[in-house]
Amino acid sequence: MPQGPKSAHRPTRADGCGCAAAVQSWQVQSTAVEANDGSVVSAPAYGADGWYVAPPRSTLMATLLANGKYRDIQYSTRLRDDVDASAFEVPWWYRTTFYVTGDGYTTLRSDGIIPKADLFVNGSKVAGRDVIAGAYTTNTFDVTPFVRRGLNSAAFLVHPGNPNTDLSIGWVDWNQWPPDNNMGIWRDVFVMRSGPLRLARPRVSVEVAPDLDEARLALTIDVTNLSGEDAAGTLSFAVSGPSGTVVVNRDVHLARGGETRVCVSAEEESALVIANPA
C-alpha cells in the first residue's frame with residue numbers, strides 16, 4: 001500500500017478555559033505497517049513519517065481516497081474489485097497533536113468511532129475498546145493528569161469490526177458496502193479546556209402555547225467537578241431576544257469528582273415565560 005500524505009498534518013490549538021477545539025486532522029496508519037504500541041505512537045515527539053493525513057471526520061476509505069490511493073472508485077464495481085478488503089482486517093492508528101496553554105483542566109470528547117477503539121494520550125492508556133464503541137456514542141475523558149503545557153498527542157487504535165454485530169451505520173440499501181466497514185473516526189473529537197467545574201451539553205426546550213401568545217423555556221446544563229476537592233460556583237444562564245436579555249443564576253456545590261444536571265424552568269423563573277414569541 002503506497003504511503004505518503006498529500007497534505008500536512010495540522011495540530012489543534014486549545015487555548016484557555018472555555019475552549020472546545022475540534023481536532024483539525026489525523027495521522028493515520030495500519031498496524032500492519034506501524035508495529036509500535038500506544039506508548040510510542042502517542043508520544044508527542046513521535047514522527048509519524050509516511051503516515052496518511054486525514055480530514056477531522058474520516059473513515060479509512062475516506063482517508064485513502066483523500067490521499068489518492070484509489071481513483072474514480074464510484075464507477076462500476078471498482079469499490080469491490082480494486083480495493084483489498086484484507087487491509088481492514090487489522091487495527092489502524094488515528095493520531096493527532098494538540099497544543100494547550102495556561103492553567104486549567106483538559107478533556108477529550110469523541111462523538112463517534114466505528115466500531116471501537118483504545119485511547120492513548122502522551123504515552124499513557126486512557127480507555128479501552130470496551131468503553132469507546134459505537135457510531136453515535138459520546139465518550140468524555142478527563143486527561144488532565146496526562147497533559148502538559150505545549151505540544152501533546154492523542155492516538156486512537158481503531159479496531160476492525162462486523163457491521164452486523166457492532167454499533168455501525170448504514171446508508172441507502174442499494175449502495176455497495178464499503179470494504180472498510182465504515183471503520184474509523186467519522187465524527188468529531190474535541191479537545192476541551194475548562195476550570196475545575198466543566199460545563200457540557202447546554203440545551204433549551206421550548207413549549208409554545210397553542211394560540212402563540214407565550215413560550216415557556218426550560219434551560220439545562222451538565223456540570224462536572226474535575227478537581228480533587230469540593231468546589232462551588234455560580235452558574236449564569238443568559239437568554240437574549242428582541243426584547244432584551246434574561247439572566248438566571250444558580251449556585252452549584254459539588255463534591256470532588258461529582259457531577260450534576262442543573263435545570264431551570266419557567267415554573268421556577270417567571271422571566272423564562274416569553275410573551276408573544278411569534
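Refer to the structure above for everything that follows.
Predicted model only: the values in this text are computed from it and were never measured. Sequence order sets the numbering: in each chain, residues are counted from 1 along the sequence as written. Where totals are concerned, whole chains, interfaces and linings use all residues; where local detail is concerned, this predicted model gives features only for residues with pLDDT of at least 70, and gives and counts side-chain atom pairs only at 80 or more. The basis for every side-chain value is the complete set of heavy atoms in the structure, and neither hydrogens nor water enter the calculation.

Participant: Mind laying out unusual backbone geometry, listing which residues take part and the relevant values?
Facilitator: A cis amide bond, omega -10 degrees, links I114 with the succeeding residue P115. By the element assignment, P115 lies in strand β8 (residues 113-121). Notably, D72 is not glycine yet its phi reads approximately 50 degrees, a positive angle. Strands are runs of DSSP state E lasting at least two residues, helices are runs of H or I lasting at least four, and both sets are numbered from the N terminus onward. Tracing the sequence through the fold places D72 in the loop between α2 (60-66) and α3 (78-81). Positive phi values are uncommon outside glycine, yet R201 reaches one of about 55 degrees.

Participant: I'd love a proper account of the packing of aromatic side chains, names of residues and values included.
Facilitator: Stacked, edge-to-face and tilted are the three classes for Phe, Tyr and Trp ring pairs, Trp counted by its six-membered ring, which pair at centre distances within 6.5 Å; planes under 30 degrees apart are stacked, over 60 edge-to-face, the rest tilted. Scanning all chains against the criterion turns up six aromatic pairs. Two limits define a charge over a ring: the Lys NZ or Arg CZ must be within 6 Å of the ring centre, and within 35 degrees of the ring normal. In this arrangement the basic side chain of R13 is found over the ring face of Y99, its NZ or CZ atom lying 4.8 Å from the centre.

Participant: Run through the environment of D103, naming residues and quoting values.
Facilitator: One can find D103 in the loop between β6 (92-101) and β7 (105-110). D103 gets classed as exposed once you look at its relative accessible area, which sits at 60%. The spatial distance from the C-alpha of D103 to the C-alpha of R148 is 9.6 Å, given a sequence separation of 45 residues. Those residues in contact with D103 that lie beyond four places of it in its chain are C17, R149 and R193. Pairs of N or O atoms within 3.5 Å make up the polar contacts considered here, provided that, within protein, one atom can donate a hydrogen while the other can accept it, and that residues adjacent in sequence are counted only when both atoms are side-chain atoms. For D103, the side chain forms a polar contact with the side chain of R149, separated by 2.3 Å. Per-residue accessibility, obtained with a 1.4 Å probe over protein chains only, is compared with the maximum for each type, and a residue is labelled buried under 20%, exposed over 50%, and partly exposed between these values. Pairs of residues are marked as contacts when any of their non-hydrogen atoms sit within 4.5 Å.

Participant: Provide a residue-level description of the nonpolar core, including the pertinent values.
Facilitator: The criterion is simple. A nonpolar core is a set of buried Ala, Val, Leu, Ile, Met, Phe, Trp, Tyr and Cys residues joined through side-chain atoms within 4.5 Å. In terms of nonpolar packing, the biggest core is built from 37 residues, with W26 and F156 touching the most fellow members. The set of elements that each furnish at least two residues to this core consists of β3 (26-30), β4 (52-54), α2, β6, β8, β9 (124-134), β11 (150-159) and β13 (189-194). Leaving out residues up to four positions away in the same chain, F156 has contacts with W26, W92, W93, Y94, S110, I113, A117, D118, L119, I132, I185 and V189. With 13 residues, the next largest nonpolar core counts V223, L235, V252 and A266 among its residues.

Participant: Please provide a residue-by-residue account of the pairing of β6, values included.
Facilitator: The element β6 is extensively covered by neighbouring structure, given that eight of its 10 residues are classed as buried. One bridge is not enough; two strands pair if DSSP finds at least two bridges between them. Of the pairings in the sheet, the one linking strand β1 (residues 12-15) to β6 comprises four bridges and is parallel in character. By the bridge assignment for β6, T12 is matched with F98. Strand direction decides the pairing type here: β3 and β6, joined by four bridges, are antiparallel. Bridge assignment links Q29 to a residue of β6, and that residue is W93.

Participant: Please give an account of the pattern of salt bridges that cites residues and values.
Facilitator: By salt bridge we mean one thing: a side-chain nitrogen of Lys or Arg within 4 Å of a carboxyl oxygen of Asp or Glu. Throughout the structure, instances matching the rule amount to 13 salt bridges. With a closest N to O distance of 2.9 Å, R57 and D188 form a salt bridge. In this pair, R57 sits in the loop between β4 and β5 (58-59) while D188 sits in the loop between β12 (184-185) and β13, placing the two residues 131 residues apart along the sequence. Owing to a relative accessible area of 17%, D188 belongs among the buried residues under this scheme. Residue R261 pairs with D222 through a salt bridge whose shortest N-O separation is 2.7 Å. Placement of R261 in strand β18 (residues 259-265) and of D222 in strand β15 (residues 214-225) is noted, with a sequence separation of 39 residues between them. Judged by relative accessible area, R261 falls into the exposed class, the value being 52%. By sharing partners, the salt bridges in this structure join R201, R203, D222 and R261 into a single network.

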